[in-house]
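A structural walkthrough
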Amino acid sequence: MSKNKKDESTILKSIREGYNLPEAYFKVEVNKAVSKKGVSTVLNLQQLTGNRFENFYVETDKVRAADTISSLEQLLEDPLNPYTKLLFSGFTGSGKTTELIKLCYQMQKDFNIIIFSAWNRLKINELSIESLLFEIVEDALKYLYENELVDERDELLKEIVDNITDWCSETRIITEEKKEKSKTVGNGIEFLKGIFFRAKTERHFFGSDRAESSRIEERKINDLIFECNKIFDYLKEKTGKETLIIIDDLEKMSFVKSRNFFLENSSFIRDFRCKMVLTIPVELIFHADFAIIQNVFGEAEVLPMIKIKDKEGRDYKPGIDCLTKILERRLDLSLFENQCYKKAIKYSGGAIRELFQIVQRSALIEKSEIITATSMQKSINYYKNIFASRIQERDDEIKIKFREYLAVLFDIYDGNKKSPEKNLALLDLLRTRAVMNYDGEGFYDTHPLLDDFIKAYKKKMQKNEEKKPGQ
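Residues numbered from 1 in each chain as written. Predicted model: local features only at pLDDT ≥ 70, side-chain atom pairs only at ≥ 80, totals over all residues. Heavy atoms only, no water.

Let us now look at the overall build of the protein chain. A tally of helices and strands in the protein chain yields 22 helices and nine strands. Looking at the protein chain residue by residue over its 471 residues, the buried ones come to 53%. Within the protein chain, contacts between residues at least 6 apart in sequence are counted, and of these 74% link residues at least 24 apart. Of the accessible surface of the protein chain, which amounts to about 21900 Å², a share of 48% is contributed by carbon and sulfur atoms. Each charge class in the protein chain was averaged separately, 77 positive and 78 negative side chains, and the resulting centres sit 5 Å apart. (Helix = DSSP H or I, 4+ residues; strand = E, 2+ residues; numbered from the N terminus. Buried < 20%, exposed > 50% of the residue type's maximum accessible area, 1.4 Å probe, protein only. Contact = heavy atoms within 4.5 Å. Areas by Shrake-Rupley, 256 points an atom, 1.4 Å probe, with all protein chains shown as cover. Lys, Arg positive; Asp, Glu negative; His and termini not counted. Charge placed at Lys NZ, Arg CZ, Asp CG, Glu CD.)

Here it is, written out as structure tokens:
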């Protein structure tokens, strides 16, 4: 196998396992949809690799007014920061995963790349530094083994495997009886991969006795990071390349969970002797506590939304043309009656995922072979209801009144697109994409799927005001 093909195979395997995708996902031939039957399949395609990338990827840097991936590349190549940790953000559905996979392919010559989805591989709402560490150790060991980099005669590697096995015993992930230090290095790695897989999924780490002090727990975590760093050093010795770990979908944690995770664990993450790119919720970047997180990671690189309107509410043709091109790459536009796909673009708010979902649903409910304007409107109405249902009073980890949401939505809808009050309601609306922030101009806008909802409540409140006695 040529080096290029081997690199391609390595990245493809890392993506498949990192996102828990079946092998069939990559074996199925997916072509541009020329009939309604193929629309759902081609729009469900998220991880673009190999020929799929060539066939379906559309460059969006210019219309986004940012070259985010190029910025990440330059920061990763900075020789003065050999173990740099970078944050990458953007709204759900903006195309972050596609851009991260693009980064993998562009950096594979320079780095040993490990990529995984925290959403697909871990319990996102129970995420801890331990489970994240176990994932990294498991994948680093797997990378060694699957790339035929295990040297059974290497005493250093044997020592690393033995030390990690001891660590598992000392922290009661495994009992003393189950230690398997007598096996070969390869078998020891296979054993540890299984141990860490079970530990992170079943949360058996540290056993059931939590009487140990935080000081001891932190020391134990640092001990395992120390051994993990030895694996990175071993990888560099064998390949001549540093390790780059990309952790996707961390932004899918709840706001409070995400905030606490980054505040509490930044020092641990900093100690990994590798380069890392971690995703972070866009709403956390707008929170005051981000200044503390920034001390470790620096500025977050944000993938801007593709705007389809400017801050004055006028159509933004470059953005509309870009989304049209993205859609046209995947399906034949003659499948739409009277270019009704333009309505899907209008109501997508510039989010690629929203665009695909609206079109996909219109194809599913359409009975004829051409997607009609009627089916498109039904799909849009369906997602209008979905978005409206997200605006609910919260009384869980954070407390937000319904009227607080309305105040923010009204303020932005009525024209305050540059400086709405940055309160919890705004942050939560950013999380659900009810409000979005656009490109270098830095303006906010409400999602077009909420236009009818906002108008209806403004009218209702106006009537209530008129009915007040004495007025």
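Okay, the packing of aromatic side chains next. Taken as a whole and assessed by the stated rule, the structure comprises 13 aromatic pairs. Centre to centre, the rings of F336 and Y341 are 5.5 Å apart; their planes meet at 65°, and the pair counts as edge-to-face. When sorted by exposure, F336 lands in the same class as Y341, which is buried. Centre to centre, the rings of Y382 and Y383 are 5.0 Å apart; their planes meet at 90°, and the pair counts as edge-to-face. Since its relative accessible area comes to 14%, Y383 is described here as buried. Clustering of aromatic rings is evident, with ring pairs tying together F134, W167 and F196. (Phe/Tyr/Trp six-rings, centres within 6.5 Å; stacked < 30°, edge-to-face > 60°.)

Spatially, five strands are ordered 2-3-4-1-5 in an open sheet, and the strand pairing comes out parallel. Across the chains shown, the open sheet's two edge strands, defined by having one partner strand only, are strand 2 (111–117) and strand 5 (301–302). When strand 3 (residues 242–248) meets strand 4 (residues 275–280), the two strands line up parallel, connected through four bridges. What sits directly across from I245, in strand 4, is M276. (Pairing = 2+ DSSP bridges.)

All right, on to helix 16 (residues 317–330) then. With 14 residues, helix 16 extends 20 Å from end C-alpha to end C-alpha; this agrees with the ideal 20 Å at 1.5 Å per step. Every buried residue belonging to helix 16 is among G319, C322, L323, T324, I326, L327 and R330, and all of these are buried. Considering only its buried residues, helix 16 is in contact with helix 3 (39–44), helix 4 (50–56), helix 5 (61–64), helix 17 (341–348) and helix 18 (352–365). (Expected span 1.5 Å × (residues − 1).)

For the largest pocket, the calculated volume is near 630 Å³. Lining the largest pocket are 34 residues, and of these L45, Q46, T98, I352 and R353 sit closest to its centre. Partitioned by chemical class, the residues of the lining of the largest pocket number twelve nonpolar, 13 polar and nine charged. (1 Å grid on protein atoms, 1.4 Å probe; cavity = no way out; pocket = protein on both sides within 12 Å on 5 of 7 lines; lining within 4 Å. Points joined across faces, edges and corners; volume = space filled by probe spheres on them. Nonpolar A, V, L, I, M, F, W, Y, C, P; charged D, E, K, R; others polar.)

For the structure on display, the rule yields 37 salt bridges. The shortest N-O distance in the salt bridge between E159 and K230 comes to 3.8 Å. A residue pair is termed long-range when its members are at least 10 positions apart, and E159 in helix 10 (residues 155–170) and K230 in helix 12 (residues 214–239) qualify at 71 residues. We classify K230 as buried; its relative accessible area is 16%. Between E312 and R314 there is a salt bridge, with the nearest N and O atoms lying 3.2 Å from each other. Under the relative-accessibility criterion, E312 is labelled partly exposed at 49%. (Salt bridge = Lys/Arg side-chain N within 4 Å of Asp/Glu carboxyl O.)

Now for helix 20 (residues 402–413). If you check helix 20, its first and last C-alpha atoms are 16 Å apart, about what twelve residues at 1.5 Å a residue would give, namely 16 Å. Every buried residue belonging to helix 20 is among Y405, L406, V408, L409, F410 and I412, and all of these are buried. The first or second residue beyond helix 20 is G415, which carries a positive phi of 125°.

With that settled, the discussion passes to the environment of G188. In this fold, G188 is placed in helix 11 (residues 185–202). Classification of G188 by relative accessible area gives buried; the value is 4%. In this structure, the C-alpha to C-alpha distance between G188 and G349, residues 161 residues apart in sequence, is 51 Å.

With that settled, consider the side chain of R64. Along the chain, the position of R64 falls in helix 5. One buried charged residue, R64, forms no salt bridge at all, with the nearest opposite charge on E99 at 4.9 Å. At 2.7 Å, the side chain of R64 forms a polar contact with the side chain of T60. Here P304 takes part through its backbone oxygen, which lies 2.5 Å from a polar atom of the side chain of R64. (Polar contact = N/O pair within 3.5 Å; in protein donor to acceptor, adjacent residues only side chain to side chain.)

This part takes up the side chain of T68. By the element assignment, T68 lies in helix 6 (residues 68–76). Residue T68 is classed as buried on the basis of its relative accessible area, which comes to 3%. Within polar-contact distance, the side chain of T68 engages the backbone oxygen of V302 at 3.3 Å.

With that out of the way, let us pick up the confidence of the model for the protein chain. When the pLDDT values of the protein chain are averaged, the result is 88; 92% of them are 70 or greater. Taken as a whole, residues 204–215 scores under 50 in pLDDT and shows 24 contacts with residues more than four places along the chain or in a different chain. (pLDDT = per-residue confidence, 0-100.)

Moving on, we get to the pairing of strand 3. A regular strand places its side chains on the two faces of the sheet in alternate fashion. Counted residue by residue, strand 3 has seven buried out of seven residues, so it is predominantly covered. Burial along strand 3 is two-sided: E242, L244, I246 and D248 and T243, I245 and I247, pointing in opposite directions, are all buried. For strand 2 and strand 3, the ladder comprises seven bridges, and the chain directions are parallel. By the bridge assignment, I115 is partnered in strand 3 with I246.

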